[in-house]
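Below, each chain spelled out in residue letters.
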Amino acid sequence: MSPVRPIVYINPDGTSPVIPLARFLPADPPGIVHCWLHRNTTRTDLILDPFGASPLMALEMASSGYRLLTACNNPVVAFELRMLASAPTLDELTAVLVDLASQKKGEERLESALKDLYETTCASCGESIQASAYLWLRGEPFPHARIYTCPICGDSGEHPVTDADVVKVQQLQRSDRLHRSRALERVLDSGSDDRAAVEEALGIYSSRPLYVLFTLLNKIEGMSLSPRKRELLEALLLSVMDAGNSIWAWPQERERPRQLSTPPQYIEKNLWMELEAAVAAWSAFSHKVDVTTWPEMPAGPGICIHHGRMRDLAREPGTAKIGHIVTVFPRPNQAFWTLCGLWSSWLWGREQAGRFAAVMERKRFDWNWHTSALHAALSPAVSMSGPGVRMFGVLPEPAPGLINAVVGAAAVSRLNLTGFATMNAEEPVQMEWKTGAANREFTPVNMQRIAREAIRDMLSEIGEPTEYIELHTAAMCALADENAFPPTIQQLTAEKASEIQSVIQTLLADRLFLRRMDATAKDPESGLWWLAQPENTQTPLADRVELEIRELLLKENEIPYREILKNIHQRFSGYLTPPDALLQHCLESYASFDKTRQVWVIKEKDLPSSRAKNTQEMLDLVDAIARKLGIQSSGEHPVIWKVDSRPELPLYQLIISTTAAIDRDFLNDLPEECENVFILPGSRSGLLRYKIERDPYLAEQLAEHCHFLKYRTLRSIASRSDLSLELWNVLIESDPISLEETTQLSMFG
C-alpha cells in the first residue's frame, strides 16, 4: 500500500463553456483532467470513467487525443454528451427550429400560438409585447408580476400583472388536468405503484409551461424528420423542459438546486424565448468528437458510451484493457435525477428511460446512500481494471459529506489512496488512488490518534489558521492511509460512518487541542481552525508564498502567470496549495503586469540594490528622529528606543522590512508596555492588509501595541520641524495600511 503523499494541484485553464443543464452538472473547471493525463499517460491508453457525470470532462479528454470508455446510466446526460460531441451548428439548429415554428396549431403557426400565451401590454406605451417572464409566489394561483423589455418605447423591468395576464392563466388552468394526465401517462405504466412520486414531481410544472411542453412534444412527434433533425429538436426541447419548471428562484441564486422544491418566489420563463435561446447553448461546443456505443470502440481519440450501470459494463465479455481511471465525482442531486426521470420518459418513453426513472420514488439521497452508490460504480471499475491501475478523481464543490463518501467508497472498493491536494472550500479537491488486490487486510486502529496527528501535522505545516474542509480532508485521508475503513461496503454501515465522524467531532470540541476563529455560526465549516497551543509550527504559508514569488521574480525578472502557477504549485503541494487571491496580492505588490506581452515584470524599486538603499535610508531616518526626540537608539533588527526615565525597558521597537512577512516568533515574544512599529514599503501595504484579514491569528497578535509605517510616511515625519514624542505617537497612525493605497497625511498639514 503506497503512502499518501501531497500531489501538485492542477489549476483550471480558463473557464468552461456554458452548456445546457449546466446548473445541475458537476462544476468541472477545464484543463485539470487534460493536464493530469498529459503528465501521467500516453494517448494509446484507454481511460475509464465509471460515473459519466460530466459531459465536459469527457469531451475534454477526447478532444485532447484520448480514448474514453464511460458508463453513463443517466439517459439525459448520455444524450447531452452525444449531442455536444456531434458539434451541432447554429445553422442546423436554427433550421429545425424554423421547421418547428411553421407547424400549424389550429389555423395559426405554432410559433404565433405559443407566443400568444406570453403576450402582455406595455405599462408605458400600451402596445402588445412579449413578456420574457412572470413572477410567482409559492402557493398562489396567479403570478403577481411580469418582466419585459418593450421594443417600442424601451420600458423594461418588473411590472404588476394585468387582468388580461390573469385571464390567460385561468384559461390554461381549466385544461390543466388533461395535460397533466398525459404527462403522467408517459412516465407510468398500467401497473406502476409510484404514481404519487411522479405526481409530486410533476407539481413543479405549472399550467402554462406544461401546456407548452406537451404542445411542442406532440408536434415534434408528428413531424416527418430524419434521425439527426429529431435529435436536434429533442435537444432544444430538453432545454425548454429545464427552463419550464418552478425551481428557478427569483432573484436568481448562485446555489445549485439539489432538492425538488419550489422556492418562495420563482420565475416562469417565456418558453418560446427559451427555445430560441437554446439554439446558441447547444452550438457552444464546436469541436466534433467521435462517439460510439458499447461494445464498439472508437478507432482513434473518442468516447465509447455504455448506456447503463458500471456493474453491467464490468460483466460484459471482451472488455478492453484499462490504462487509467479518471472521473469527476457526482454529488447527490435529487432535483436533477428526478427531472431526468421525467424528461427521459417524456422524450423517449418509459421503456428507454428504463431503471433510471425509478429514481423518482426516492425522496432522500443522504451521504450514506451516496457512499453506497459510489461504491456500486467504483468496485466494478476496479475489478474491470485489475491491480496497479492509477485513478485520478476531481471532487468539485467540496463538502465534508462528499469527502466522506468518496474516501469511504474508494477504501471499500480496493482503491488505495496515494495522494491528494486541496486549495480552499470553493475549488475542487483532487485525489489519486491505485487499484489494489482483491482482499484487503483489516485490523482495528486508533482512529482518534490518527486523525489528531493528521490535523496537528497539517496545521503545523501550513503555519496559519485554515478552513474546516482542509482539516476534514486531511483527517479522512489519514484514516484511509492507515486502513481505518472496513474491507467491505456491508461493514461500512451508517453506524460505522457515524463513528468515524464522531472521532473528528470530538477533536473539534477539544479546546486544549483546537480553537475556532472568526466563526459566525455553530457549523464547523464557519470560521477558521487553528491550534490551541501553536508550538514549533512552520512559517505561515502566506509569508512563504510571498518570499517564493519575490525570489521567482528576481530570478526571472519577467514571467507569465502560467509559469508562476506551475512553480508555486510544485513548491507548495497537497494541502499547502495557496489560493489564487494570495498569489495575485503578492504579484501586485512586487510586479507590474505587461498586458501586451502577458507577463509579470518585477518593479524596479524592488530590485535588491534599490531595497538595500531603502533599508539604509530608513535606518538613518529612524536614528535622526530618535536624536530629534532625545531618545536613545540602538540596534538594527529591530531598532530599540529607550528613554532615560525607564532605561531597563524599551519604549519602542522599530522593525524595518522590505517584505510583508512578519516573524511570528518575534510577535510571540514582544516586551510588555512597548510599542512596536513595523516600517515597510507602501507597495506592501495591500499585501499585509490582505494577510491580516485572511489570518485571524495574525490579526490577534497585531491587535495591541503594533503600528505600521510606510517608507513615505517615515520620510514625511522625519522632515517635520515641530516633531515631539506626543506628535510622533499620533503620526504613526496617520497613514494606515489598506488593500488600496491611501494617503492621509494632509490632515496633519
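Our subject is the structure listed above.
Bear in mind the structure is a predicted one, so any value in this text is a computation, not a measurement.

A. Representation of the sheet that holds strand 13 (residues 302–306) in the model. Read from one edge to the other, the open sheet built from nine strands follows the order 1-16-17-15-14-2-3-13-12, with strand pairing classed as mixed. Each having just a single partner strand, strand 1 (5–6) and strand 12 (291–293) make up the two edges of the open sheet. The pairing of strand 2 (residues 46–49) with strand 14 (residues 324–328) spans two bridges and is classified as parallel. By the bridge assignment, L48 is partnered in strand 14 with I325. Of the strands in this sheet, strand 2, strand 3 (67–71), strand 14, strand 15 (390–395), strand 16 (415–421) and strand 17 (429–435) touch helix 14 (residues 367–385), which is tilted by about 160 degrees from strand 2.

B. Examining the pattern of salt bridges more closely. Scanning the model with the defined rule gives 39 salt bridges in all. Between R550 and E551 there is a salt bridge, with its nearest N and O atoms 3.3 Å apart. For E551, a relative accessible area of 42% gives the class partly exposed. The salt bridge partner of R627 is D623, with a shortest N-O separation of 2.3 Å.

C. Highlighting the packing of helix 19 (residues 541–556) against helix 24 (residues 685–694). Between helix 19 and helix 24, the least distance of the axes is 11 Å, while the angle of their chain directions is 155 degrees. Considering the angle they form, helix 19 stands roughly antiparallel to helix 24. Helix 24 is crossed by helix 19, and the crossing has right-handed handedness. Contacts between helix 19 and helix 24 involve A542, D543 and E546 on the former and, on the latter, L687, K691 and R694. A per-class count over the contact of helix 19 with helix 24 returns two nonpolar, no polar and four charged.

D. Molecular detail of the state of the cysteines. Per the counting criterion, the structure on display carries zero disulfides. Free cysteine C125: the closest other cysteine sulfur is in C122, separated by 3.7 Å. Looking at C125, the relative accessible area reads 30%, which means it is partly exposed. Lacking any disulfide linkage, C304 is separated from the closest cysteine sulfur, that of C72, by 12 Å.

Parameters at a glance
Residues numbered from 1 in each chain as written. Predicted model: local features only at pLDDT ≥ 70, side-chain atom pairs only at ≥ 80, totals over all residues. Heavy atoms only, no water. Pairing = 2+ DSSP bridges. Helix = DSSP H or I, 4+ residues; strand = E, 2+ residues; numbered from the N terminus. Contact = heavy atoms within 4.5 Å. Axes fitted to C-alpha atoms, helices over the stretch in contact; angles between N-to-C directions. Salt bridge = Lys/Arg side-chain N within 4 Å of Asp/Glu carboxyl O. Buried < 20%, exposed > 50% of the residue type's maximum accessible area, 1.4 Å probe, protein only. Parallel < 35°, antiparallel > 145°, perpendicular 65-115°, else oblique. Left-handed = near helix turned anticlockwise from the far one by under 90°. Nonpolar A, V, L, I, M, F, W, Y, C, P; charged D, E, K, R; others polar. Disulfide = S-S within 2.5 Å.

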